[in-house]
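The residues making up each chain are set out below.
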Amino acid sequence: MGSRTAYRTCPLCEALCGLELTLDDAGAVTGVRGDRNDPLSKGFICPKGATLGRLDSDPDRLDAPLVRGDGGHGTAGWDEAFAAAGAGLRGVVERYGADAVAVYLGNPGAHSIAGPLYSGAIIKALGTRNVYSASTADQMPKHVSSGYMFGDPLAVPVPDLDRTGHLLMLGANPLESNGSLCSAPDFPGRLKAIRARGGKVVVVDPRRTRTAGLADEHVFIRPGTDAYLLAALVHTLFAEELATGGGPLAGRVHGLDDLRALVVEFTPERVEPVTGIPAHRVRRMARELAAAETAAVYGRLGTCTQAYGTLNSWLVDVLNVLTGNLDRPGGAMFPRAAHVPVYRRKRPFTTGRWRSRVRGLPEVNGELPVATLAEEILTPGEGQIKALITIAGNPVLSTPNGPRLDEALDGLEFMVSVDPYLNETTRHADVVLPPPRPAQTPHYDLALLAFTVRDYVRYSSPVVPLPEGRPAESEILARLAVLASGPDGDPAALDEMIISTTLRKAVAMPGSPVEGREPDELRKMLANGGRTGTTEQRLDMMLRLGPYGDGFGADPAGLTLARLRAEHPHGLDLGALKPRLDEVLCTASGHIELCPPAFAADADRLRAALDRGDGRAPGEMLLIGRRHLRSNNSWLHNVPELVRGSNTCTLQLNPADAARLGVGAGDPVRVVSRTGAIEAVAEPTDTIMAGVVSLPHGWGHDRPGTRTAVAGRHAGVSANAVTDEQEIDPLSGTAVLNGVPVTLEAAGRP
Ligand SMILES: Nc1nc2c(c(=O)[nH]1)N[C@H]1C(S)=C(S)[C@@H](COP(=O)(O)OP(=O)(O)OC[C@H]3O[C@@H](n4cnc5c(=O)[nH]c(N)nc54)[C@H](O)[C@@H]3O)O[C@H]1N2
Ligand SMILES: Nc1nc2c(c(=O)[nH]1)N[C@H]1C(S)=C(S)[C@@H](COP(=O)(O)OP(=O)(O)OC[C@H]3O[C@@H](n4cnc5c(=O)[nH]c(N)nc54)[C@H](O)[C@@H]3O)O[C@H]1N2
Ligand code: SF4
Ligand SMILES: [Mo]
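Residues numbered from 1 in each chain as written. Chains lettered and ligands numbered in written order. Predicted model: local features only at pLDDT ≥ 70, side-chain atom pairs only at ≥ 80, totals over all residues. Heavy atoms only, no water.

Under the annotation held in an unreviewed UniProt entry, the chain carries the name Anaerobic selenocysteine-containing dehydrogenase and is attributed to Actinomadura viridis.

Before going further, it helps to examine the sheet that holds strand β2 (residues 18-24). By definition, the strands of a sheet pair up through backbone hydrogen bonds, in either a parallel or an antiparallel sense. Reading across the sheet, the 3 strands line up as β1-β2-β3 and stay open at both edges, with antiparallel pairing between neighbours. Looking at strand neighbours, the two that pair on one side only are β1 (3-9) and β3 (29-34), the edges of this open sheet. Geometrically, the sheet is characterised by an average inter-axis angle of 25° between neighbouring strands, direction not taken into account. Pairing of β1 with β2 involves 7 bridges; the strand directions are antiparallel. Its bridge partner being in β2, Thr5 is matched across the sheet by Thr22. (Pairing = 2+ DSSP bridges. Helix = DSSP H or I, 4+ residues; strand = E, 2+ residues; numbered from the N terminus. Axes fitted to C-alpha atoms, helices over the stretch in contact; angles between N-to-C directions.)

In the vicinity of ligand 2 lie 31 residues, with Ser177, Asp205, Asp226, His628 and Asn633 positioned nearest. In the model, a nitrogen atom of ligand 2 is placed 2.8 Å from a nitrogen or oxygen of the Ser631 main chain. Here ligand 2 has 930 Å² of accessible area as a free molecule, and 98% of this is covered by the chains. Only α6 (174-177) and α13 (301-304) provide two or more residues apiece to the shell around ligand 2. The element that contributes the greatest number of residues to the shell around ligand 2 is α6, accounting for 3 residues. The class makeup of the residues in the shell around ligand 2 is 9 nonpolar, 14 polar and 8 charged. (Near = heavy atom within 4 Å. Polar contact = N/O pair within 3.5 Å; in protein donor to acceptor, adjacent residues only side chain to side chain. Areas by Shrake-Rupley, 256 points an atom, 1.4 Å probe, with all protein chains shown as cover. Nonpolar A, V, L, I, M, F, W, Y, C, P; charged D, E, K, R; others polar.)

Glancing now at the sheet that holds strand β11 (residues 217-219). As summarised here, the arrangement of the 4 strands in space is β11-β10-β9-β13, forming an open sheet in which the pairing is parallel. The sheet is open, and its two borders are formed by β11 and β13 (296-299), each paired with just one other strand. Each strand axis lies, on average, 15° off the axis of its neighbour in the sheet, ignoring direction. Direction of pairing for strand β9 (residues 166-170) relative to strand β10 (residues 200-204): parallel, over a ladder of 5 bridges. Directly across from Met169, in β10, lies its bridge partner Val203. Against the sheet, helix α12 (residues 279-291) makes contact with β9, β10, β11 and β13, and its axis sits at roughly 135° relative to β11, the strand it touches most. Seen against the sheet, helix α14 (residues 309-322) touches β9 and β13 and runs at an angle of roughly 175° to β13. (Contact = heavy atoms within 4.5 Å.)

So, about the packing of aromatic side chains. The tally for this structure, following the rule as stated, stands at 8 aromatic pairs. Ring geometry for Trp78 versus Phe82: centroids 5.7 Å apart, planes at 35°, classification tilted. Here the residue Trp78 and the residue Phe82 both occupy positions in helix α3 (residues 78-96), the gap between them amounting to 4 residues, near one helical turn. The two residues Trp78 and Phe82 agree in class, both being buried. Residue placement shows Arg538 over the ring face of Tyr118; its charged tip is 5.0 Å from the ring centre. We note Arg544 situated over the ring of Phe552; from NZ or CZ to the ring centre the distance is 4.8 Å. (Phe/Tyr/Trp six-rings, centres within 6.5 Å; stacked < 30°, edge-to-face > 60°. Buried < 20%, exposed > 50% of the residue type's maximum accessible area, 1.4 Å probe, protein only. Lys NZ or Arg CZ within 6 Å of the ring centre and 35° of its normal.)

This brings us to the nonpolar core. Counting residues in each nonpolar core, the largest one holds 78 residues, and the members touching the most others are Leu191, Leu433, Tyr444, Val457 and Leu480. The element best represented in this core is helix α4 (residues 114-126), accounting for 7 residues. Contact partners of Leu191, with chain neighbours within four places excluded, come to Leu167, Met169, Pro174, Leu175, Val201, Thr211 and Leu214. If you look at the next biggest cluster of nonpolar residues, it comprises 63 residues, including Val263, Leu311, Leu585 and Leu606. (Core = buried A, V, L, I, M, F, W, Y, C linked by side-chain atoms within 4.5 Å.)

The next point concerns the pattern of salt bridges. Opposite charge on two side chains permits pairing when their charged atoms draw close. Applying the stated criterion to the full structure yields 51 salt bridges. Arg517 is the partner of Glu521 in a salt bridge, and the nearest nitrogen-oxygen pair spans 2.8 Å. It is possible to trace a salt-bridge network through shared partners that takes in Arg359, Glu375, Arg404, Arg674, Asp724 and Glu725. (Salt bridge = Lys/Arg side-chain N within 4 Å of Asp/Glu carboxyl O.)

Two elements in contact, helix α9 (residues 226-239) and helix α11 (residues 268-275), have axes whose closest approach is 9 Å; the angle formed by their N-to-C orientations is 165°. In terms of axis orientation, α9 runs roughly antiparallel to α11. For the element pair α9 and α11, the recorded crossing hand is left-handed. When α9 is examined against α11, the residues Tyr228, Leu229, Ala232, His235 and Thr236 are found in contact with a partner set consisting of Pro268, Val271, Val274 and Thr275. Its residues placed into classes, the contact of α9 with α11 shows 6 nonpolar, 3 polar and no charged. (Parallel < 35°, antiparallel > 145°, perpendicular 65-115°, else oblique. Left-handed = near helix turned anticlockwise from the far one by under 90°.)

Another point: the site of ligand 1. Within the structure, ligand 1 sits among 27 residues, and Tyr104, Asn107, Ser398, Asp419 and Ser634 are positioned closest to it. Within the side chain of Glu473, an N or O atom sits 2.7 Å from a nitrogen atom of ligand 1. Interatomic distance of 3.1 Å between a side-chain N/O atom of Arg627 and an oxygen atom of ligand 1. When ligand 1 sits alone it has 920 Å² of accessible area, and the protein chains cover 94% of it. For the shell around ligand 1, the per-class residue count stands at 13 nonpolar, 10 polar and 4 charged.

Looking now at the pairing of β10. Most of β10 sits inside the fold, with 4 of its 5 residues counted as buried. Pairing geometry for β10 and β11, over 3 bridges, is parallel. Paired with Val202 across the bridge in β11 is Glu217.

A few words now on a positive patch on the surface. Taken together, the side chains of Lys124, Arg347, Arg504 and Lys505 make up a positively charged region of the molecular surface. Among the secondary structure elements, Lys505 is positioned in helix α19 (residues 491-508). Residue class for Lys505 comes out exposed when judged on its relative accessible area of 56%. (Patch = residues over 30% accessible without salt bridge, like charges linked within 9 Å, V, L, I, M, F, W, Y side chains within 5 Å. Lys, Arg positive; Asp, Glu negative; His and termini not counted. Charge placed at Lys NZ, Arg CZ, Asp CG, Glu CD.)

The next subject is the UniProt feature "domain: 4Fe-4S Mo/W bis-MGD-type" (unreviewed entry) in the chain. Following the UniProt record, one finds the feature "domain: 4Fe-4S Mo/W bis-MGD-type" (unreviewed entry) at residues 3-60. As annotated, residues 3-60 comprises 16% helix and 34% strand, and the C-alpha atoms at either end are separated by 25 Å. (UniProt positions renumbered as here; feature names shortened; annotations may be inferred.)

Relative to the 18 Å expected for 13 residues at 1.5 Å per residue, helix α21 (residues 533-545) spans 18 Å between its end C-alpha atoms, a close match to the ideal helical length. Counting buried positions over the 13 residues of α21 gives 12, a clear majority of the element. Along α21, the residues that are buried comprise Gly533, Thr534, Thr535, Glu536, Gln537, Arg538, Leu539, Asp540, Met541, Leu543, Arg544 and Leu545. On its buried face, α21 is in contact with α4, β18 (454-457), α18 (473-483), α19, α20 (519-525) and α22 (561-567). (Expected span 1.5 Å × (residues − 1).)

Moving on, we get to the domain arrangement of the chain. Per the domain assignment, the segments of the chain are domain 1 (151-339 + 581-603) and domain 2 (616-746). Each of domain 1 and domain 2 has a C-alpha centre, and the two are 28 Å apart. Residue-level contacts link 25 residues of domain 1 with 26 residues of domain 2. Surface buried jointly by domain 1 and domain 2 totals about 1900 Å² across both partners, of which 59% is contributed by carbon and sulfur atoms. Three residues stand out in domain 1 for area buried against domain 2, namely Arg207, Pro223 and Thr305, and they jointly supply 31% of the buried area on that side. Summed over the shared surface of domain 1 and domain 2, the number is 1 salt bridge. Notably, a salt bridge pairs Arg208 with Asp686, separated by 3.2 Å at the nearest N-O pair. Applying the counting criterion to the domain 1 and domain 2 interface returns 8 residue pairs in polar contact (both at pLDDT 80 or more). Among the elements of the structure, α6, α13, α14 and α24 (597-612) are those that each provide at least two residues to the side of domain 1 that touches domain 2. When its residues are assigned to classes, the side of domain 1 that touches domain 2 shows 12 nonpolar, 7 polar and 6 charged. (Domains from an automatic or database assignment. Buried area = accessible area lost by both parts, 1.4 Å probe.)

With that settled, consider the environment of Phe334. With respect to the element layout, Phe334 can be found in the loop between β14 (332-333) and α15 (373-378). Residues within four places of Phe334 in sequence aside, it is in contact with Phe150, Ala155, Val156, Pro157, Leu326, Asp327, Lys578, Arg580, Leu581 and Val584.

Written out as structure tokens, the structure is:
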């Protein structure tokens, strides 16, 4: 049998590695290696990318839509499934109004072309304000912080890993996760390189992770207390006159005095009992950060999904500004994505344009907190959610108090899921619309190419053609958008409308590369694609209007989709990150807001807790999460190679706590919280602080009505059965998934 080689970006995590696939005549992926010619990943690959072929050919992957009848889910034709989806959704809107249909957008949707290009159209067509996503179980604090500090919620600074001399990293474990909001294939190699060139890596984490093991210094911290550490670092910079006031940014900042006043009381001594970090160590950390030639402070998931998520994200960038490291090489910089125009007019950032019905929580970035989704479904009254569309999400396992959401989904009048699996969430759907295999799917990381450690761009064509009659995910989503308004309607017309609106705005925008030109002339220049032609034309348009684009001929050497495809099949390196604060900054004051009033007000919470002291009940422990290199949230447990060995759902606890409870390795332990109880298998280890326990999320695959046979045999338990949907970071609505109070009991040996 013959074989051929094809190249594409790995769609699984934020590292965006280039892959070299080997395919047989039948189009099956028979081998995967790192693409050595990819200028960013240079051949790096991890076990997940290496088993992409197994995921691609997983027999449990749905290859036709499912429609639920009396006897459960049965296979249906595409026309029938779309008709059922449209009728179901329109019926709910007619009976209860637009807000009765909610939308939940999950993580893999952020890695696709289809998600970012079409979910907005679905939301708009429905006219619903009930929009939820994995962002409020993840990075929303970063958007709120950037929104208020820089004016643009998407302007998230990325550590300039390849040039920095000092990296202070909090709540991130890139040796397992491969990095987040910092796309850096071979993150481990890049960390080692910092040390090899004489720099320093400091990791702050309640666990001595593999990342901590690779660092120069690991600082244990009590879960949920990073804001105190960060405030004490800021305090020290001021107290010891180490703050440059932004150095080169000195004239660009606003609120320096307010900030100085705010941190006065957060002395390293005062916060020591809360964080568990000795005051002298905090002072030394501040001095080293300030003294480093270049430095970057980077906080990720562990600092976002906790009670002070937004304050943490803010103080991280405050440190970057105060030490003069924001927007300078070796510091924390703003990537310039090839598809994001720099001329666009930005609206001033604000939150709370509407509020959730039940708890009155503010809208953030057009969304409501996923922590409130279950109660919006379960609480009767005007505006109650009666139908749900999930796209690439498994919120039953991934959001706080998942069992309550599970129960809520069961009571919906109608549910549609766009998902390749029948899993814990989609089993509740009336209609499941499965996207094609990864090998049949084009790739351009619209979301993550804005967070790369070098400016970089890559487009991957599908390596296997779509079978006749099988819609691409972009077609599925476009069709759903159209179906929300009526049974007929042309998905391509939706793209046409978006293209013509964008071009009309672009020619009218001062400073745009096509200012003053004729939209019709530009329209004719767009790439001619195949079946999903208008999707590709949209991408072509974005690239041509982008900072590296050809400006529709204005810069003949610039990028077009056709050029990217033909000349750069392994991706294109666009150089090291460049200072670009002027392009980014769009606050009302025109300055970096160092002490936004909303953040200063939330700091009262910090102060109050400081005055109250620890306040922990006897026997109370704090639960945190954990990722394993061979996991990916809830959905790779069906690949046999990935659930072997050490990727298991165990409860890590300190040996001292294990001894106190009388449990040993392998013993069952009951974990009890306000919301529920689970039984997990103990794994005593001194890599975790006393008083802290860790359970990975995304497990709990033992439910009826799912079709994931391998995952079912490695079920584990869901950490989100004990996380609490009532606990959120109030500024961003983000769920508290780390630092959850729990008590433990030995569950008795079988
Ligand atoms: N306790 C705890 N909970 C957490 C976290 C934690 O650290 N601790 N982490 C949080 C984080 S960071 C995140 S991002 C969320 C993730 O939350 P979710 O996005 O809700 O969950 P995933 O497990 O990523 O589920 C992804 C779904 O997308 C489907 N899918 C895979 N590929 C495709 C595709 O190409 N198209 C479509 N349409 N569907 C696809 C999968 O089958 C699966 O159903 O979980 C959060 N939950
Ligand atoms: N292998 C693998 N890779 C993944 C994923 C996966 O599930 N598996 N998921 C992907 C997704 S969706 C995301 S968002 C990223 C996340 O990627 P990262 O941001 O690197 O997140 P984690 O690997 O969960 O690491 C978070 C760390 O925070 C620590 N932590 C917990 N609580 C606290 C605290 O209060 N303070 C501090 N300082 N630290 C704390 C935890 O011990 C953990 O080591 O990973 C992505 N990549
Ligand atoms: S690190 Fe992420 S992008 Fe790279 S091969 Fe692994 S899963 Fe894929
Ligand atoms: Mo995430």
